[in-house]
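# Coordinates in review
The chain contents come next:
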Amino acid sequence: MATTNWQILHHLTSTDPLARLEEIKQALFASRLGTNTLDTYLNPSRPTPESLIPLLPDLNQSSLTRAVKLIKTAIAKKQPLLVYGDYDADGVCATAILWETLHTLGGNALPFIPHRQDHGYGLSIAGLTDALKLFPITPLIITVDNGITAVAAAKYLKKKKIPLIITDHHEPPTPLPLASAIIHSTHLSGSGLSWLLSSKLSKDPLPLDLAALGTVCDLLPLDAVNRPLVKYGLIDLRQTTRLGLLALFNLIGVNPGATLTTYHLGFIIGPRLNASGRLASALDSLRLLCTKNQPQAQKLAATLDATNQERQTLTATLTKQAINSFIGSDLPNLLIVDSPDYHQGLIGLIASRLSQYFHRPALAISVGPDIAKGSARSIPGIDITSLLSEFKDLFTSLGGHHQAAGFSLDPKTLPTLKDKLISRFNQLNANLFAKSLIIDIALEPQDLNFDLLNLISTLSPFGVANPEPVFSISLTPSSVSSLGKTGEHLKFTFDSLLEIDGLLFNTKKSAPDFPSHPINFAFQLKDNNFRGQTKLQLMIKDIQV
């Protein structure tokens, strides 16, 4: 029944319980420390610009210094400032960080977030045309989370003698766009770079709340750079006074002071911030983060939640159609779906769900009469942006990173592009498409206790490059029951673990499919709080019968 190949990294050799726990500890830390020492991994210092900058080898420090000087001069001369953001969660957080900082410093600053359908992605001439209408005199434009690929827009501003500062973390082109200063590093998120710039401008230390939120939502690796940022950002978020976030937490039943984790940021808060940029205007998400008005905060939280529910319904329908189009056929190495019915704000989600379901890189393309816009998602080991760039002459725009890309093209060239891409991807090594599950350690029943759970918690926050540990164990289920409206979830109980049960979500198997003999479970260990009692629970990832 296994759908994946399991790669178990460590088998325990000790027999003594305390020695086994120590062996588990050493194995988990060894696979996650990277360049850190154990102490800096477990107890990193709160990030500062001075501690971050040495960790960013691709950051041009003289350009950062020049940007700070230009902005401070603009504030002193009362020159207006335009913060030109992006419509995803990272871009909205980056916009809020810089705009709030400039406003606090007395700057005449306004934020602008392009509309996905009206302006397209990033710094565009269409977006600039509308943004500049906000100002009676020439502003200093500062991008956040975009701009590094905006060569044409930068030339447009240069001709108009409008100063431009770019802050971005996406893959840079050659040559770089023309700008007064470029603050660029692929090691931080857009919101992380915005926090870095804002911290260099500010007289007081800035909270890491929105930088952490944007970093998690944009799937940055939680390495030596970003793990401390997110660790302390979570502390700041648990103590937040932002009315919009508090209203959103209350609406979705999250107690930030007690339970807030990276899971809530990436899978509950982030999708709601993203939803407005996908289906409406991301300005609602920006207003939610920045509002000082309680009634407005509650209204905006309700609006974002409703928009997210609409997004979920549309995505489920379109994703099901896309998946069904490949079921029963020989899968190519690259999955491509296109339709005039695809909403531009949903193509990234469609591509992502396709890629996850079939473990293949996937492209979803919204086809209009004059332009087709697409989104790409990949799997580990395949650099999707690099491969697409081999055919850059067929695109009118293309940008992204290893695991995701966005692009546009003339619809007339779509058939040619599809043929060339499928042919190119079919040349890739078949081993790249073998689905695997990394399991940290194989355990025995005696290893499952709260000491192990406490040990796991010291590894948090979890995310890309610092995944929550996955274990394996062989157990005989004493009972298997179905849960959910359609029985899509299963609950396992075990006579050998009277106080521990297991949950398997969204499975195609039913309770009678499981025999009464040992089964291998891949799982994450959690605690389950119910009616004042706390018990351990296995959150099952995969099963081998």
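Since this is a predicted model, take the numbers as computed values, not measurements.

## Considerations on the overall build of the chain
- Looking only at helices and strands, the chain features 20 helices and 18 strands.
- Relative to its length of 545 residues, the chain is compact, with a C-alpha radius of gyration of 25 Å against a globular reference of 24 Å.
- Its C-alpha atoms give the chain principal-axis dimensions of about 75 × 55 × 45 Å.
- When each of the 545 residues of the chain is scored for burial, the buried share is 52%.

## Structural notes on helix α16 (residues 294-324)
- The end-to-end C-alpha distance of α16, which contains 31 residues, comes to 45 Å, matching closely the 45 Å that a straight helix rising 1.5 Å per residue would cover.
- Its side-chain oxygen 2.8 Å from the backbone nitrogen of Gln296, Asn293 forms the N-cap of α16.

## A word on the sheet that holds strand β12 (residues 436-442)
- Strand order in this open sheet of eight strands is β1-β12-β13-β17-β18-β16-β15-β14, and the pairing throughout is mixed. Edge positions in the sheet fall to β1 (5-11) and β14 (479-483), since each of these pairs with one other strand and no more. Averaged over all adjacent pairs, the angle separating strand axes in this sheet is 40°, with direction ignored.
- Direction of pairing for strand β13 (residues 471-475) relative to strand β17 (residues 519-530): antiparallel, over a ladder of five bridges.

## Describing the side chain of Thr315
- Of note, Thr315 is situated in helix α16.
- A relative accessible area of 0% means that Thr315 is categorised as buried.

## Structural notes on the sheet that holds strand β3 (residues 109-112)
- Across the sheet, which stays open at both edges, the five strands sit in the order β3-β2-β4-β5-β6 with parallel pairing between neighbours. Looking at which strands have only one partner, the edges of the open sheet turn out to be β3 and β6 (181-184). Within the sheet, the average angular offset between the axes of one strand and its neighbour, ignoring direction, is 15°.
- In terms of strand pairing, strand β2 (residues 81-84) meets β3 through four bridges, oriented parallel. Bridge pairing in β3 places Leu81 opposite Ala109.
- Strand contacts of helix α5 (residues 89-104): β2, β3 and β4 (140-144), with the helix running at about 140° to β4, the strand carrying the most contacts.

## Considerations on the packing of aromatic side chains
- This structure, assessed with the given rule, holds nine aromatic pairs.
- Relative to Phe521, the ring of Phe492 lies with its centre 5.3 Å away and its plane at 80°, an arrangement referred to as edge-to-face. Remark: Phe521 occurs in strand β17 and Phe492 occurs in strand β15 (residues 489-494); sequence separation between them is 29 residues. When sorted by exposure, Phe492 lands in the same class as Phe521, which is buried.
- Feature note: the residues Phe326, Tyr357 and Phe358 constitute an aromatic cluster, connected by ring pairs.
- Over the ring of Tyr41 we find Arg227; its NZ or CZ atom is 4.0 Å from the centre of that ring.

## Re the layout of surface pockets
- Estimated volume of the second largest pocket: approximately 430 Å³.
- If you go around the second largest pocket, you meet 21 residues; those closest to its centre are Glu100, Thr101, Thr104, Leu206 and Pro207.
- Those elements that provide at least two residues to the lining of the second largest pocket are α5 and α10 (209-217).
- With six residues, the top contributor of residues to the lining of the second largest pocket is α5.
- Residues that form the lining of the second largest pocket fall into these classes: 11 nonpolar, four polar and six charged.

## Structural notes on the nonpolar core
- The biggest cluster of nonpolar side chains holds 69 residues, and the ones touching the most others in it are Ile71, Leu81, Leu102, Ile142, Leu197 and Leu289.
- Ranked by residue count, the leading element in this core is α5, at eight residues.
- Leave out the neighbours within four places in its chain, and Leu289 touches Val92, Cys93, Ala96, Glu100, Leu210, Arg242, Leu245 and Leu273.
- With 34 residues, the next largest nonpolar core counts Phe471, Phe492, Leu525 and Ile543 among its residues.

## Notes on the pairing of β4
- Burial analysis of β4 places five of its five residues in the buried class, the great majority of the element.
- Side chains Leu140, Ile142 and Val144 of β4 all project onto a buried face; the interleaved residues Ile141 and Thr143 project onto the opposite face, where all are buried too.
- Examined bridge by bridge, β2 and β4 share four bridges and lie parallel to one another. Within β4, the position partnered with Leu81 by the bridge is Leu140.
- Running through helix α8 (residues 151-159), the crossover from β4 to the neighbouring parallel element strand β5 (residues 164-168) is right-handed.

## Observations regarding the packing of helix α4 (residues 61-76) against helix α9 (residues 190-201)
- For the pair α4 and α9, the least separation of the axes is 10 Å and the interaxial angle reads 60°. In terms of axis orientation, α4 runs oblique to α9. Our pair here, α4 against α9, has a crossing hand that is right-handed. Across the interface between the two elements, Leu64, Val68, Ile71 and Lys72 of α4 pack against Leu197, Lys200 and Leu201 of α9.
- For the contact of α4 with α9, a count of residues per class yields five nonpolar, no polar and two charged.

## Structural notes on helix α20 (residues 450-457)
- Within α20 the residues assigned to the buried category are Leu452, Leu453, Leu455 and Ile456. Seen from one end, α20 has its buried residues packed into an arc of 160°, which puts them on one side.
- Of the residues flanking the start of α20, the one acting as N-cap is Asn449, its side-chain oxygen 3.1 Å from the backbone nitrogen of Asp451.

## Topic: the side chain of Ser355
- Counting through the fold element by element, Ser355 comes out in helix α17 (residues 347-358).
- Aside from chain neighbours lying at most four places away, what touches Ser355 is Arg360, Pro361, Ala362, Arg377, Ser378 and Ile379.

## Considerations on the pattern of salt bridges
- Enumeration according to the criterion identifies 13 salt bridges in this entry.
- Note that Asp284 is salt-bridged to Arg287, the shortest N-O span being 3.2 Å. One end of the pair, Asp284, and the other, Arg287, are both in helix α15 (residues 283-290), three residues apart, so they sit about a helical turn from each other.
- Each of Glu100, Asp209 and Arg242 takes part in a single network of salt bridges with overlapping partners.

## Considerations on the environment of Ala364
- By the secondary structure assignment, Ala364 is in strand β8 (residues 362-367).
- Sequence-distant contacts of Ala364, defined by excluding residues within four places in its chain, comprise Val337, Ile347, Ile350, Ala351, Lys373, Gly374 and Ser375.

## Digging into the packing of α10 against helix α11 (residues 226-238)
- It is the contact of α10 with α11, at a shortest axis distance of 7 Å, that shows an interaxial angle of 125°. Accordingly, the angle class assigned to the pair α10 and α11 is oblique. As α10 packs across α11, the resulting crossing turns out to be left-handed. Along the contact surface, α10 presents Asp209, Ala211, Ala212, Thr215 and Val216, while α11 presents Asn226, Leu229, Val230, Gly233, Leu234, Asp236 and Leu237.
- Looking at the contact of α10 with α11 residue by residue, the class counts come to seven nonpolar, three polar and two charged.

What counts, and at which threshold
Residues numbered from 1 in each chain as written. Predicted model: local features only at pLDDT ≥ 70, side-chain atom pairs only at ≥ 80, totals over all residues. Heavy atoms only, no water. Helix = DSSP H or I, 4+ residues; strand = E, 2+ residues; numbered from the N terminus. Rg over C-alpha atoms; globule rule 2.2 N^0.38 Å. Buried < 20%, exposed > 50% of the residue type's maximum accessible area, 1.4 Å probe, protein only. Expected span 1.5 Å × (residues − 1). Polar contact = N/O pair within 3.5 Å; in protein donor to acceptor, adjacent residues only side chain to side chain. Pairing = 2+ DSSP bridges. Axes fitted to C-alpha atoms, helices over the stretch in contact; angles between N-to-C directions. Contact = heavy atoms within 4.5 Å. Phe/Tyr/Trp six-rings, centres within 6.5 Å; stacked < 30°, edge-to-face > 60°. Lys NZ or Arg CZ within 6 Å of the ring centre and 35° of its normal. 1 Å grid on protein atoms, 1.4 Å probe; cavity = no way out; pocket = protein on both sides within 12 Å on 5 of 7 lines; lining within 4 Å. Points joined across faces, edges and corners; volume = space filled by probe spheres on them. Nonpolar A, V, L, I, M, F, W, Y, C, P; charged D, E, K, R; others polar. Core = buried A, V, L, I, M, F, W, Y, C linked by side-chain atoms within 4.5 Å. Right-handed = clockwise from strand over helix to strand, strands pointing away. Parallel < 35°, antiparallel > 145°, perpendicular 65-115°, else oblique. Left-handed = near helix turned anticlockwise from the far one by under 90°. Arc of directions from axis to C-beta. Salt bridge = Lys/Arg side-chain N within 4 Å of Asp/Glu carboxyl O.

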